[in-house]
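# Commentary on secondary and tertiary structure
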Amino acid sequence: MKTFEEKWTAWLDDQISGQELADFEASLPDKAVAAAEKKGAHQLGLLLKREIIAPAFTNEEFFSHQLRERIAREEALPSSERGSGFSTWWTIRRLFWTGATSMALFLICAVFVMRDKDPTEPSPYLSQILTARIDPTVSPNATVTMFDSKEDRVTVLWTEGLKSLPSDYAAK
Amino acid sequence: MHTEATPAQPDVSDLELVTKCQSGDSQAFDELVTRYRTRVFGMIYNMVHNEQDAWDLAQDSFVKAWKSIQRFRGQSSFYTWIYRIVMNVTIDFVRKKQVKGTGAEFDDAIQLKEINPAAKTMPKPDALPYEQLQQGEIKSRIDQAITQLSPEHRAVILMKEIEDMQYHEIAETLGCSIGTVMSRLFYARKKLQNLLKDVYENI
């Protein structure tokens, strides 16, 4: 669906015909005004063509000479120092390598940090459980068994016969 | 579109020269520069209205073209391709200059609000008869009017009215849709008609 601006421009430049032209012209509220505008646009075009003339390009050979020298200078530079012609590609490549290197460094650091952490060190919660006491008057047949796997870094506390969980067992 | 004043048809096509350039033949590139330097300079000059700037921007454009020549696939003409580079370089320059200068003069959104698409073109109240305008004044009025257009509108009107380029060529050069080209052309013409009506109506 063309906008009014697009249709108007195509109409001024005689780029529409047939049914589209008929429909557009029928939609114009004032054909006389539109025709005057079209004439004005053509006059403007003629004026611009007549008056917009760039100054003579007199030093053509010097221009080419200067350009040759500049290109030769740039060619002599190492590729990393060359101008923007290659910059996008290098930037993308650098971004990729920077990202990959950062990721690798992060993984290495993460592995070292995990390894450095002492697996035998008991957690504060385990110490809290071990120091808690079960009241024999409330739960006389209560037993508490603890399974500890240091390799897997897992501790399971198995309780039986408790009427209620001692408040000390609640994690703080 | 025509190339620089060459009396005879060039023996070697642009595409052949480009192929040679891609193999590292700098003489072939030199030949392409010779073919297009005058038109490139003229187009840039009409955008920036300054010979030294036009010279420098033309140099920058050709250097960019040399660096990017490996990426030219021949899907468009070399002329359209180099024009795209020229326009990118020039529009970028005009934008930067405008940012350093007066401010939001070239804001498309502002222009859309300022110009009612259905409005009639009204003559300036201080209209001068054409006879009273000296040639230099006419040129100056046109330059001033063109300067008031955004870089994109300026490029579109110059390519259409001066270079006689088709909508699709302009679209390809500026990397936008044909609809955008037509819309920009509409607003550029409206603005210029407002600013120059007293001039062109008295020719």
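Just so it is clear, the model here is predicted, and its values are computed rather than measured. (Residues numbered from 1 in each chain as written. Chains lettered and ligands numbered in written order. Predicted model: local features only at pLDDT ≥ 70, side-chain atom pairs only at ≥ 80, totals over all residues.)

A separate point is the overall build of chain A. Of regular secondary structure, chain A possesses 6 helices and 2 strands. For chain A, the proportion of its 172 residues judged to be buried stands at 9%. When contacts within chain A are restricted to residue pairs at least 6 apart in sequence, long-range pairs at least 24 apart make up 37% of them. (Helix = DSSP H or I, 4+ residues; strand = E, 2+ residues; numbered from the N terminus. Buried ≥ 20, exposed ≤ 12 C-beta atoms within 10 Å, placed from the backbone. Contact = placed C-beta atoms within 7 Å.)

Another point: the environment of A:G161. Residue and element names in this part refer to chain A. The residue G161 is located in the segment after β2 (154–160) in this model. Residue classification places G161 among the exposed positions, given that 11 C-beta atoms sit within 10 Å. If we skip the residues at most four places from it in the chain, G161 touches S139, N141, A142 and T143.

Bringing the nonpolar core into the picture now. Residue and element names in this part refer to chain B. Formed by 65 residues in total, the largest nonpolar core has its most connected members in V40, I44, I82, V86 and V156. No other element matches helix α2 (residues 26–48), which puts 12 residues into this core. V156 has contacts with I170, V181, R184, L185 and A188, leaving out every residue within four places of it along the chain. (Core = buried A, V, L, I, M, F, W, Y, C linked by C-beta atoms within 7 Å.)

With that settled, consider the interface of chain A and chain B. With 34 residues of chain A in contact, the opposing surface of chain B contributes 40 residues. Mapped by element, the contributors of at least two residues to the side of chain A that touches chain B are α1 (4–12), α3 (31–51), α4 (60–76) and α5 (84–116) of chain A. It is α3(A) that provides the largest number of residues to the side of chain A that touches chain B, a total of 11 residues. Each residue belonging to the side of chain A that touches chain B can be placed in one class, and the counts come to 16 nonpolar, 9 polar and 9 charged. (Nonpolar A, V, L, I, M, F, W, Y, C, P; charged D, E, K, R; others polar.)

Here we come to α1(A). Looking only at α1(A), the buried set comprises A:E6, A:K7, A:W8, A:T9, A:A10 and A:L12. The secondary structure elements touched by the buried residues of α1(A) are α2 (18–27) and α3 of chain A together with α9 (178–200) of chain B. Of the residues trailing α1(A), A:D14 is marked for its positive phi of about 55°.

Our focus in this paragraph is the confidence of the model for chain B. Residues and elements named next belong to chain B. When pLDDT is averaged across chain B, the result is 82; 78% of the residues are at 70 or more. For chain B, per-element mean pLDDT is lowest for helix α5 (residues 108–114), which scores 44, and highest for helix α3 (residues 51–68), which scores 94. Confidence drops under pLDDT 50 across residues 1–8; counting only partners more than four residues distant or on other chains, this segment forms 11 contacts. In the predicted structure, residues 103–114 sits below a pLDDT of 50 and forms 8 contacts with residues beyond four places in sequence or in another chain. As a predicted assembly, this complex carries a pTM of 0.64 together with an ipTM value of 0.74. (pLDDT = per-residue confidence, 0-100.)

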